[in-house]
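Secondary and tertiary structure notes
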Amino acid sequence: MMNDYRLNIGAGDIQKIKMSPEEKKSTLEHVLSSLPSPEHVPSPDQFYPLFKKIRKNRFVYYGLMSCLVIVICVEIILASNDSSFGSFLYPLKANIIEQVRSVLHFSPGDKAPSESKLPTKPLIETETLINQNNLDEPKKDTLKILPDAQTKSLAGSINESRPKLSNNEENDDQTPSRQTKINDTSRTSEKSRKFHQADNAKDTKEYTKNSFRKLLDPEGWVKRGDDFLKTGPKLKGGEVKH
Amino acid sequence: MKEDRAYKFEKIYQNESDAIFRFCLIRVSNREQALDITQEAFLRLWQSMLEEKEILNDRAFLFTIAHHLIIDWYRKKKSISLENVMQKEGELGYDRADETFVSNLELGAEGRHLLEKISELTPVCRYPVYLRYAENMSPREIGVILGISANVASVRLNRGMQELRKIAGYDGNGKI
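1. Remarks on the overall build of chain B
- If you tally the helices and strands in chain B, you get nine helices and zero strands.
- Intrachain contacts of chain B at a sequence separation of at least 6 include 54% that bridge at least 24 residues.

2. Considering the environment of L114 of chain B
- Position of L114 of chain B among the secondary structure elements: in helix α6 (residues 109–120).
- Accessibility expressed as a C-beta count within 10 Å gives 28 for L114 of chain B, which makes it buried.
- Between the C-alpha atom of L114 of chain B and that of A134 of chain B, which follows or precedes it by 20 residues, the distance is 9.9 Å.
- Aside from chain neighbours lying at most four places away, what touches L114 of chain B is L7, G10, A11 and I14 of chain A together with A168 of chain B.

3. Side note on the interface of chain B and chain A
- Taken together, the 30 residues of chain B in the interface contact 23 residues of chain A.
- When contributions to the side of chain B that touches chain A are tallied by element, the ones reaching two or more residues are α1 (2–28), α2 (31–50) and α6 of chain B.
- Per element, the largest residue contribution to the side of chain B that touches chain A is nine residues, and it comes from α1 of chain B.

4. Topic: the nonpolar core
- Ranked by size, the top nonpolar core spans 48 residues in total, and within it I20, C24, I37, A41, L62, A66 and V129 of chain B carry the most contacts.
- For this core, the secondary-structure elements that each account for two or more residues are α1 (2–14) of chain A together with α1, α2, α3 (58–80), α6, α7 (123–133), α8 (139–146) and α9 (150–168) of chain B.
- For this core, the element with the highest residue contribution is α1 of chain B, accounting for nine residues.
- Two domains share this core, each providing at least three of its residues, namely domain 1 (1–95) and domain 2 (109–169) of chain B.
- I20 of chain B has contacts with T38, A41, L62, F63 and A66 of chain B, leaving out every residue within four places of it along the chain.

5. Section: α9 of chain B
All names here are of chain B.
- With 19 residues, α9 ought to run about 27 Å at 1.5 Å a step, and its terminal C-alpha atoms sit 26 Å apart, in line with that.
- Those residues of α9 not exposed but buried are A153, R156, L157, G160, L164 and A168. All buried residues of α9 lie within an arc of 105° about the axis, which places them on one face of the element. Facing away from the buried side of α9 by more than 90 degrees, the exposed set consists of N151 and Q162.
- Along its buried surface, α9 packs onto α6, α7 and α8.
- Remark: G169 follows α9 within two positions and exhibits a positive phi of approximately 80°.

Rules behind the numbers
Residues numbered from 1 in each chain as written. Chains lettered and ligands numbered in written order. Predicted model: local features only at pLDDT ≥ 70, side-chain atom pairs only at ≥ 80, totals over all residues. Helix = DSSP H or I, 4+ residues; strand = E, 2+ residues; numbered from the N terminus. Contact = placed C-beta atoms within 7 Å. Buried ≥ 20, exposed ≤ 12 C-beta atoms within 10 Å, placed from the backbone. Core = buried A, V, L, I, M, F, W, Y, C linked by C-beta atoms within 7 Å. Domains from an automatic or database assignment. Expected span 1.5 Å × (residues − 1). Arc of directions from axis to C-beta.

Below is the structure:
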């Protein structure tokens, strides 16, 4: 303790080394007079001062940047939803967003409505392209493949749900409806193929408008699928299972 | 706005100028040179304040600037008289405090003794011990000034204190 006392006295003595008041004053004057005071020149850019203020506060800066990124992502997703085949956003829509949507539907029951709509989309897009006179050979080739692939995907998801339902005897009533759905899907695929076989015909546009809408009736087909999934399988005795 | 900055600067100057001057004086053993380095350190602070740079710890900032200015001053000095400097230890580019200079300082006996013994410590431990006991700095601040982590500063401080207690007779063995 005694030695710490001596150490503290020594430290106190060292702390007594100071500048004289004159030295202190002259040094301060030198420092303050050595730099010219910067005149405030208003920035021509009105956003820069605001941006500078935002950058100073890290929390606000990172928050704003995160919001900006989220807004940009949402805008891209919304823009890609309306994109047609051939647009630069179309691959994003077809390869990422639709895949993510199908992944986010966990149960086969949830997955079926969205997948049931997929095979009709290329046909609608084909119609749009024909109306716009934008359907060229590479696009035709790609559009030929899409309905088949999506039909297979839909059939797969229906098959996935089948074993689970077959365990329940009460769900036997669903089988004809499901069979109808698969038949509808096959028909969609078949008609798509026919459509592409007829692409050399002069009246492609007429063919699409008349025969596709009437024969395929995609909206009606989708509606039937939706009704089925909304009401659910009918049980014995007329009950509706939700 | 500028008045606010000037007021803040003067406040920092009143609080820290003696500590910075003392730190420089003990290192360079030359009052005029110590005043020059002190002035330069405060000039850099004032410049940074005018440029609205973010300074988290004014004290650590000033000591860091002073530390680097002293190293620069020794490097220049080395290039002028290399032979003289080579004889002195210079791991961090510092000289030991000049003994005649220390004896000329208006210090109490304990202060002079402590300063001499701190000068005899190894350079690695010398500055952490000085900053801790003469300037009441935390290991974290010492770390910032010397460019090392707080843990390393703490370790060096402990080793330096053991060494100092031994050579200064603060360990109770009655060497003094």
